[in-house]
Amino acid sequence: MIKEGIAMQHKRWAVVSIASIPLVMTLGNSMLIPVLPTIEKKLDITSFQVSMIITVYSIVAIVLIPVAGYLSDRLGRKAIIIPSLIIAAVGGIISGWAGWQAENPYWLILAGRTLQGIGAAGASPIVMPLIGDMFKSETEVSKNLGIIETSNTLGKVLSPVLGALLAGIIWFLPFFAIPAFCALSVVLMIFLVKAPKKEKEKPVPFKEFVQGVKGIFKRHAKWLLAIFIIGGILMFILFGILFYLSDLLEKKHEIDGLKKGLYLAIPLAALCIASYITGKKIKENQILMKWLIVSSIGFLGGAVFINSFFDNVWVTMGLFLVGGIGIGISLPCLDAIITEGIGKEERGTITSIYSSMRFIGVASGPPAIALLIGASEKIMFYVLTVLCLIGVFVSLKGIHPPPNKGKPNEGDTIWKKSGG
């Protein structure tokens, strides 16, 4: 009993250490959102150009995430995560130095953000399969994935406040904060996380591995594609709304600095709390997961649509708070479905493809919203509402849990545990 207690204590600290990674990676990206209008002024660039500081990070991550997932399946999770955190730290140093010393820093900042994207590809997306490897019980997996998603959303809550606070001192200081956060995560990963030992066996040839992944998609294309699409839509809406709010508060309502950061933290705090509670409650209840996804995206769509009729900052904040709750409920359910539904050997690759889809939403949200705002705010709200309706439709048609509410059986049409 004592040994079991010690082992559980070690696992709790390991989860805390692993949870620092999505927190750090989220800070590394979202922390810049409230600073974008300031960067736009300092560098004398367009709104679209400044949005690319977020987008280039995500585009690089989209391309490299599946590669990192494959390598983590072959070489081990920590062997990919730790070097990736170091690369992200170097990217932050380059971007910060460019803002501090370079005469024309824009392109050097983008170069640093590119390196950060490479680091992000090999760090945050590998967290989900690592949690899946560490815990055998699906209830434990769901619970700890809820903690991971909460850490992710906590990063989003802290980001606008911390970003505004640091930029209020020196506008490029948020770039320099990233290496410090990465260093902390590296130390925690080295000393507190012991990844499950892989069985000593001959590595599966790449061609055979690809065939295995193709087999998974062939058997489970419907629900996998549904999860991928929903994840991408939610991230598109979340980062699009954050970009819109940052722009709206500063340019229209003259709210900037730390005050703006606190305003942006309100819907994100709701998202964070919703993620934590959902992760604890869903356990193995697959039917509950589906209907939480459907209803929460519906609430999000309703909040966005109603917002098109108002021009009051408090109404906007209140409605986006409701939308944040909707996103926060959906994300742990999506994480649990995709992590519990794939066998260990391909888990890193499949969850990484899912992370790529989320990053596509992150990358495309800010520039798309920048273009839509230029056309019409109402059109922007209508586009986001339509995306929510698509998310609801895909959830209803694509996710079909088996009728039992406990563990999935071998013959169930979703979440089969045979590696696909």
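Coordinates for the structure precede this section.
Residues numbered from 1 in each chain as written. Predicted model: local features only at pLDDT ≥ 70, side-chain atom pairs only at ≥ 80, totals over all residues. Heavy atoms only, no water.

S.K.: I keep staring at the overall build of the protein and nothing clicks. Help me out?
M.R.: Helix and strand content of the protein: 14 helices and zero strands. Each helix and strand of the protein, ordered N terminal to C terminal, gives the series α-α-α-α-α-α-α-α-α-α-α-α-α-α. Split into buried and exposed, the 420 residues of the protein put 58% on the buried side. A sequence separation of at least 24 residues applies to 84% of the contacts in the protein between residues at least 6 apart. Split by element, the accessible area of the protein, about 17500 Å² in all, is 69% carbon and sulfur. (Helix = DSSP H or I, 4+ residues; strand = E, 2+ residues; numbered from the N terminus. Buried < 20%, exposed > 50% of the residue type's maximum accessible area, 1.4 Å probe, protein only. Contact = heavy atoms within 4.5 Å. Areas by Shrake-Rupley, 256 points an atom, 1.4 Å probe, with all protein chains shown as cover.)

S.K.: Explain the side chain of S159 to me, please; I cannot follow it from the model alone.
M.R.: Locating S159 in the fold gives a position in helix 7 (residues 138-169). With a relative accessible area of 0%, S159 lands in the buried category. Excluding residues that lie within four positions of it along the chain, S159 makes contacts with T26, L27, S30, M31, P34 and A164.

S.K.: Is there a simple way to explain the nonpolar core in this structure?
M.R.: Note on soluble globular proteins: their nonpolar side chains tend to be buried together. Of all hydrophobic cores here, the largest spans 122 residues; its most connected members are I18, M25 and I39. No other element matches the 22 residues that helix 9 (residues 206-251) contributes to this core. If we ignore the near neighbours within four places in the chain, the residues touching I18 are V127, L130, I131, M134, I148, M189 and V193. (Core = buried A, V, L, I, M, F, W, Y, C linked by side-chain atoms within 4.5 Å.)

S.K.: Sorry if this is basic, but what is going on with a nonpolar patch on the surface here?
M.R.: On the surface, W13, V16, V187, I190, F191 and L192 cluster together into a nonpolar patch covering about 600 Å² of accessible area. Looking at the nonpolar patch, the element that brings in the most residues is helix 8 (residues 173-192), giving four residues. Relative to the elements of secondary structure, L192 occurs in helix 8. (Patch = residues over 30% accessible without salt bridge, like charges linked within 9 Å, V, L, I, M, F, W, Y side chains within 5 Å. Salt bridge = Lys/Arg side-chain N within 4 Å of Asp/Glu carboxyl O.)

S.K.: Mind showing me how you'd approach unusual backbone geometry here?
M.R.: With a phi close to 55°, D44 is a non-glycine residue in the positive phi region. Of note, D44 is situated in the loop between helix 2 (36-43) and helix 3 (47-75). Classification of D44 as exposed rests on a relative accessible area of 70%.

S.K.: In this structure, what is going on with the pattern of salt bridges? I would like to understand it.
M.R.: It is possible for side chains of opposite charge to pair when their charged atoms get near one another. Inspection of the entire model under this criterion finds three salt bridges. The partner of D73 in a salt bridge is R77, and the shortest N-O contact between them spans 2.8 Å. Taken individually, D73 and R77 each receive the classification buried, so the pair is uniform in this respect. R77 serves as the salt-bridge partner of D133, at 2.8 Å between the closest nitrogen and oxygen. Within this pair, whereas D133 is found in helix 6 (residues 127-134), its partner R77 is found in helix 4 (residues 77-101), the two being separated by 56 residues in sequence. Each member of the pair, D133 together with R77, is buried. Members of the salt-bridge network, linked through shared partners, are D73, R77 and D133.

S.K.: Explain a positive patch on the surface to me, please; I cannot follow it from the model alone.
M.R.: Taken together, the side chains of R12, K143, K280, K281 and K283 define a basic patch exposed on the protein surface. Tracing the chain through its elements places K281 in helix 10 (residues 257-282). We classify K281 as exposed; its relative accessible area is 61%. (Lys, Arg positive; Asp, Glu negative; His and termini not counted. Charge placed at Lys NZ, Arg CZ, Asp CG, Glu CD.)

S.K.: I tried to follow the packing of helix 3 against helix 5 (residues 106-123) on my own but got confused; where do I start?
M.R.: Geometry of a packed helix pair, given as the angle between the helix axes and the separation of the axes. Packing of helix 3 against helix 5 leaves a shortest axis separation of 7 Å and a crossing angle of 30°. By the criterion of interaxial angle, the relationship of helix 3 to helix 5 is roughly parallel. Here the hand of the crossing between helix 3 and helix 5 comes out right-handed. From helix 3, Q49, M52, I53, I54, V56, Y57, V60, A61, L64, I65 and A68 reach across to helix 5, where they touch Y106, I109, L110, R113, T114, Q116, G117, I118, A120, A121 and G122. Each residue belonging to the contact of helix 3 with helix 5 can be placed in one class, and the counts come to 16 nonpolar, five polar and one charged. (Axes fitted to C-alpha atoms, helices over the stretch in contact; angles between N-to-C directions. Parallel < 35°, antiparallel > 145°, perpendicular 65-115°, else oblique. Left-handed = near helix turned anticlockwise from the far one by under 90°. Nonpolar A, V, L, I, M, F, W, Y, C, P; charged D, E, K, R; others polar.)

S.K.: Explain helix 5 here, please?
M.R.: The α-helix advances 3.6 residues per turn, and as a result positions three or four apart in sequence lie on the same side. A rise of 1.5 Å per residue sets the reference length of helix 5, with its 18 residues, at 26 Å; its end C-alpha atoms lie 25 Å apart and thus fit the reference within 8%. Buried within helix 5 are the following residues: Y106, I109, L110, G112, R113, Q116, G117, G119, A120, A121, G122 and A123. (Expected span 1.5 Å × (residues − 1).)

S.K.: Which parts of the structure should I look at to understand the packing of aromatic side chains?
M.R.: The way to describe two aromatic rings as a pair is by their centre distance and the angle between their planes. All chains considered together, the criterion is met by nine aromatic pairs. Measuring from centroid to centroid gives 6.4 Å for Y244 and F320, while their planes differ by 80°, and the two rings are edge-to-face. Of this pair, Y244 sits in helix 9 while F320 sits in helix 12 (residues 313-340); the two residues are 76 residues apart in sequence, bridging distant segments of the chain. Overall, F320 belongs to the buried group, its relative accessible area being 3%. With centroids separated by 5.4 Å and ring planes inclined at 40°, the aromatic side chains of Y263 and W314 adopt a geometry described as tilted. Separated by 51 residues along the polypeptide, Y263 in helix 10 and W314 in helix 12 bring together distant segments of the chain. Grouping aromatic residues by their ring pairs yields a cluster made of W100, W171, F172 and F176. Lying across the ring of F135, K11 places its NZ or CZ 4.8 Å from the centre. (Phe/Tyr/Trp six-rings, centres within 6.5 Å; stacked < 30°, edge-to-face > 60°. Lys NZ or Arg CZ within 6 Å of the ring centre and 35° of its normal.)

S.K.: Help me understand helix 6 in this model?
M.R.: When you tally the buried positions in helix 6, you get eight out of eight residues, the bulk of the element. Within helix 6, burial applies to V127, M128, P129, L130, I131, G132, D133 and M134.

S.K.: Please clarify how the environment of G318 should be interpreted in this entry.
M.R.: Take G318: it is sitting in helix 12. In sequence terms G318 and I266 are 52 residues apart; their C-alpha atoms lie 8.8 Å from each other.

S.K.: Explain the environment of F175 to me, please; I cannot follow it from the model alone.
M.R.: With respect to the helices and strands, the residue F175 is situated in helix 8. The buried category is assigned to F175, whose relative accessible area is 1%. Spatially, the C-alpha atoms of F175 and W97 are 8.5 Å apart, while their sequence positions differ by 78 residues. F175 has contacts with L32, I39, G92, S95, G96, I109 and R113, leaving out every residue within four places of it along the chain.

Remember, this is a structural readout, not a statement about activity or role.
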